[in-house]
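Below, each chain spelled out in residue letters.
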Amino acid sequence: MHTYPLPLKTSGSDFCLTALQVQNVNWQMPVNRRTHHTDKFSSQDFIVRRGQPWEMIIVCNRSLESGDDLNFIVSTGPQPSESARTRAVFSVSGRSTGGWSAALKANNGNNLIVAIASPANAPIGWYTMNVEISSKGRVSSQKLGTFILLFNPWLQADDVFMSNNAERQEYVEEDSGIIYVGSTNRIGMVGWNFGQFEEDILNISLSILDRSLNFRRDPATDVARRNDPKYVCRVLSAMINANDDSGVLSGNWSGNYAGGLDPRTWNGSVEILKNWKKSGFRPVQYGQCWVFAGTLNTVLRCLGVPSRVITNFNSAHDTDRNLSVDVYYDAMGNPLEKGSDSVWNFHVWNEGWFVRTDLGPSYNGWQVLDATPQERSQGVFQCGPASVNAIREGEVDKNFDMIFIFAEVNADRITWIYNSRNGSQKQNSLDTHSIGKYISTKAVGSNSRLDVTDKYKYPEGSSEERQVHQKALSKLKPNASFDPTSVRDLAGEEGAPSISGRFKVTGVLAVGKEVSLALILKNLTSDRKTVTVNMTAWTIVYNGTLVHEVWKDSATISLDPEEEIQHPVKIAYSRYDRYLKADNMIRITAICKVADEAEVVVERDVILDNPALTLEVLEQARVRKPVVVQMLFSNPLDEPVRDCVLMVEGSGLLLGNLKIDVPALRPKEKSRIRFEILPTRSGIKQLVADFSCSKFRAIKAMLSIEVAE
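A quick note: this is a predicted structure, and the numbers were derived from the prediction, not measured. Sequence order as written defines residue numbering, which begins from 1 separately in each chain. Side-chain atom pairs in this predicted model are given and counted only at pLDDT of 80 or more, local residue features only at pLDDT of at least 70, and totals for whole chains, interfaces and linings cover all residues. Values shown for side chains rest on all heavy atoms present in the structure; no hydrogens or waters enter the calculation.

## Comments concerning the confidence of the model for the protein chain
Okay, step 1: One confidence number per residue, pLDDT, is output by the predictor and ranges from 0 to 100. On average, the protein chain scores 94 in pLDDT, and the residues at 70 or more come to 95%.
Okay, step 2: Note on contacts: a residue pair is in contact if any heavy atoms of the two residues lie within 4.5 Å. Scored below 50 in pLDDT, residues 483-493 shows 15 contacts in the model against residues more than four places distant or in partner chains.

## What about the packing of helix 3 (residues 201-210) against helix 8 (residues 289-303)?
To describe two helices that pack against each other, one gives the angle between their axes and the distance between the axes.
Okay, step 1: Contact geometry of helix 3 with helix 8 gives a least axis separation of 10 Å together with a crossing angle of 100°. One finds that helix 3 runs roughly perpendicular with respect to helix 8. Contacts from Ile201, Leu202, Ser205, Leu206, Ile208 and Leu209 of helix 3 reach helix 8 at Thr298, Val299, Cys302 and Leu303.
Okay, step 2: In this classification, the charged set is Asp, Glu, Lys and Arg, the nonpolar set is Ala, Val, Leu, Ile, Met, Phe, Trp, Tyr, Cys and Pro, and all remaining amino acids, among them Gly, are polar. Broken down by class, the residue content of the contact of helix 3 with helix 8 amounts to 8 nonpolar, 2 polar and no charged. Note on geometry: axes are lines fitted to C-alpha atoms, helical ones only across the stretch in contact, with angles between N-to-C directions running from 0 to 180 degrees. Numbering of helices and strands runs from the N terminus; a helix is a DSSP stretch of H or I covering at least four residues, while a strand is a stretch of E covering at least two. We call two directions roughly parallel when the angle between them is under 35 degrees, roughly antiparallel when it is over 145, roughly perpendicular when it lies between 65 and 115, and oblique otherwise.

## Comments concerning unusual backbone geometry
Okay, step 1: Residue tyrosine 286 is reached from glutamine 285 by a cis peptide bond, and omega for that bond is 0°.
Okay, step 2: Residue phenylalanine 400 follows asparagine 399 across a cis peptide bond; omega there is 0°.
Okay, step 3: Positionally, phenylalanine 400 belongs in the loop between helix 9 (388-392) and helix 10 (402-410).
Okay, step 4: Its identity is not glycine, yet arginine 85 carries a phi of approximately 60°, on the positive side.
Okay, step 5: Secondary-structure assignment places arginine 85 in the loop between strand 6 (69-75) and strand 7 (87-91).
Okay, step 6: For lysine 668, which is not glycine, the phi dihedral falls at a positive 65°.

## Structural notes on the pattern of salt bridges
Opposite charge on two side chains allows them to pair when their charged atoms are near.
Okay, step 1: For this document, the term salt bridge refers to a Lys or Arg side-chain nitrogen within 4 Å of an Asp or Glu carboxyl oxygen. Applying the stated rule across the entire model yields 40 salt bridges.
Okay, step 2: The partner of lysine 40 in a salt bridge is glutamate 173, and the shortest N-O contact between them spans 3.3 Å. One end of the pair, lysine 40, is in the loop between helix 1 (29-35) and strand 4 (47-49); the other, glutamate 173, is in helix 2 (residues 165-173), with 133 residues separating them in the sequence.
Okay, step 3: A salt bridge links lysine 136 to glutamate 65; the nearest nitrogen and oxygen atoms lie 3.3 Å apart.

## Observations concerning the packing of helix 6 (residues 229-239) against helix 8
Okay, step 1: Interaxial distance between helix 6 and helix 8 falls to 10 Å at its minimum, and their mutual angle equals 150°. Comparing their axes, helix 8 and helix 6 come out roughly antiparallel. In the crossing of helix 6 with helix 8, the sense of the turn from one axis to the other is right-handed. Touching Val232, Cys233 and Leu236 of helix 6 are Leu296, Val299, Leu300 and Leu303, all from helix 8.
Okay, step 2: Of the residues belonging to the contact of helix 6 with helix 8, the class tally is 7 nonpolar, no polar and no charged. Note on convention: the crossing is left-handed when the near helix lies turned anticlockwise from the far helix by less than a right angle, right-handed when the turn is clockwise.

## Observations regarding the UniProt feature "domain: Transglutaminase-like" (unreviewed entry) in the protein chain
Okay, step 1: UniProt positions are given in the numbering used here, feature names are shortened, and annotations may be inferred rather than shown by experiment. The feature "domain: Transglutaminase-like" (unreviewed entry), as annotated in UniProt, sits at residues 281-373 in this numbering.
Okay, step 2: The span residues 281-373 is 16% helical and 45% strand by assignment, and the distance between its end C-alpha atoms comes to 18 Å.

## Points about the environment of lysine 581
Okay, step 1: Among the secondary structure elements, lysine 581 is positioned in the loop between helix 14 (573-576) and strand 31 (585-594).
Okay, step 2: Residues lysine 581 and asparagine 297, 284 residues apart in the sequence, show an inter-C-alpha distance of 26 Å.
Okay, step 3: When neighbours within four sequence positions are excluded, lysine 581 is seen to be in contact with Gly255, Val547 and Arg697.

## Topic: the sheet that holds strand 34 (residues 621-622)
Okay, step 1: Paired strands, as defined in this entry, are two strands with at least two bridges between them according to DSSP. Spatially, the 5 strands line up as an open sheet ordered 34-40-39-36-37, and their pairing is mixed. On the outer flanks of this sheet lie strand 34 and strand 37 (657-662), each paired with one strand and no other.
Okay, step 2: Examined bridge by bridge, strand 39 (residues 683-692) and strand 40 (residues 699-708) share 9 bridges and lie antiparallel to one another. Pairing of glycine 683 across the sheet is with valine 707, part of strand 40.

Here it is, written out as structure tokens:
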């Protein structure tokens with residue numbers, strides 16, 4: 001039983017001995033936390049969900065008599081007020097302000113059982129509860145304690161209500177997950193430890209709100225608005241990145257991560273959030289999109305907003321709000337970092353589940369939230385909530401940040417050839433199909449991939465899809481007349497190209513091996529053609545940042561009528577070894593030119609596989625019994641690998657994270673490392689590992705472990 005003796009404040013001259021006073025309080029922690037679905041939190045605080053009553057036992061010096069009255073006062077934030085609904089006064093006799101209530105359930109001798117109910121739209125956060133006793137003409141007040149109030153997805157009256165039990169289980173209570181990464185032709189996945197119930201994560205999540213710009217400017221209004229998931233989620237999307245507000249994570253896409261951790265090495269959000277607090281709330285270095293999304297997902301689930309992580313492949317970053325992205329190349333086949341638009345191989349954001357009272361019921365449900373700092377919104381790097389239903393219908397004038405998110409999944413991609421000699425550029429091609437592919441999230445209750453592209457847009461090429469695109473454009477530029485042929489045309493006066501080209505992978509794509517492809521050129525005409533080909537290969541970061549040119553080649557190729565040839569592309573390991581980033585990505589480009597025709601641009605991003613990292617558990621895992629896990633790794637290279645570190649974490653399997661220094665490995669040497677974990681909760685738990693060394697920046701592994709009672 002959680003009972004606490006209480007200090008007493010009285011007013012009135014001589015305090016009558018028979019006046020009622022509270023001696024201690026039993027919050028009935030285990031039963032209340034179980035019925036409020038907060039029993040998984042490792043914190044010892046009293047945590048309840050809004051709109052749902054709880055019962056507490058108040059132990060007094062005598063039994064309640066007529067003429068005694070108990071007034072409860074709850075308050076949150078630094079300037080609580082009844083007008084802002086951040087303070088409420090309510091009594092067992094039924095008087096109430098602000099939608100809170102108290103009911104006397106039983107009066108057994110000195111024990112009063114009182115049911116406290118909060119409104120379903122109360123602000124979330126830390127509360128203080130006081131009691132004011134009127135008895136025998138005296139008034140005394142005492143502090144009963146503090147509690148945390150969270151959103152309640154189990155309650156129909158709450159804005160975050162989710163009716164499906166399996167979905168609620170996944171999107172609120174599941175503390176591990178999968179984030180999809182890679183590219184359209186190679187979708188990969190990484191395990192992520194959300195860990196929303198771990199020690200101190202709830203406290204840190206609430207302190208994120210207290211460190212926001214809005215709270216610093218006007219704490220009273222900010223706390224009052226915490227009743228609204230739209231508001232809370234928008235603030236969190238700003239606070240998870242460090243831009244503007246010294247938030248949680250600093251973004252870095254340069255390929256140089258000195259002074260911090262390579263974003264690829266994180267295994268989950270817990271270490272990030274704890275590091276942020278431990279450093280005195282200095283931004284943690286470094287994050288990229290899935291790190292921001294994984295961390296935001298932890299905080300949303302922690303506060304009770306159902307949420308999931310979404311990956312969009314070929315994601316457009318349209319900086320000038322024209323629903324198209326411009327991509328540039330020079331005549332030698334070099335991709336150019338010119339202009340501010342870009343296409344990311346993948347981009348990861350979140351969806352939160354709640355109603356849109358501001359837009360109307362057809363916009364309820366999943367809402368996009370994006371904590372990656374890409375563009376400012378209302379002067380701050382924040383993004384969302386944007387209704388997924390509204391995105392699908394092209395409602396780009398609705399709140400919040402709809403234009404940017406609509407473009408991420410729908411923009412047209414325009415290719416330009418830039419002439420560095422005279423600074424001119426000409427449009428080469430327009431692609432309406434490549435942006436916004438395989439929009440993915442982890443399925444409910446399993447580790448398979450769920451494709452949600454159809455929730456974001458109508459089928460590519462359908463009449464609805466073009467109509468929605470047109471509707472979006474007309475909302476952006478109301479006066480533009482629309483001629484579908486003019487926009488969709490190839491820009492060149494030269495007409496349709498007489499050749500086609502594509503890259504085909506012809507060997508194994510693995511770090512340490514030669515990259516082997518073929519450029520396949522086909523003559524589409526019945527005339528002979530001569531093609532000049534300029535090719536380059538660059539190592540890149542997943543968002544298209546160019547790291548280093550690692551290969552180039554030129555060729556002149558003759559094609560007979562309707563002939564198809566294969567031109568080999570071979571890039572030795574020694575060429576790319578020093579310049580490959582943890583993304584393991586190489587961008588190969590060919591500019592193919594037939595005299596007096598527009599260039600044909602052929603591009604392929606390849607992802608090289610890391611060697612396998614294997615985790616296995618060597619015995620049946622049981623709660624509170626140490627269990628040995630084994631890691632196996634073989635160095636596939638003909639050279640040694642050094643600076644090897646294994647990092648392991650998993651909620652319910654070990655406290656914090658485990659960092660193991662692994663001895664250097666000779667060429668082709670196998671490594672076997674054993675370590676102990678101590679499961680604290682039963683059920684299926686996920687262990688996530690990252691192995692980093694001099695030649696392999698971030699090798700990932702995950703293992704599902706069934707923990708018995």
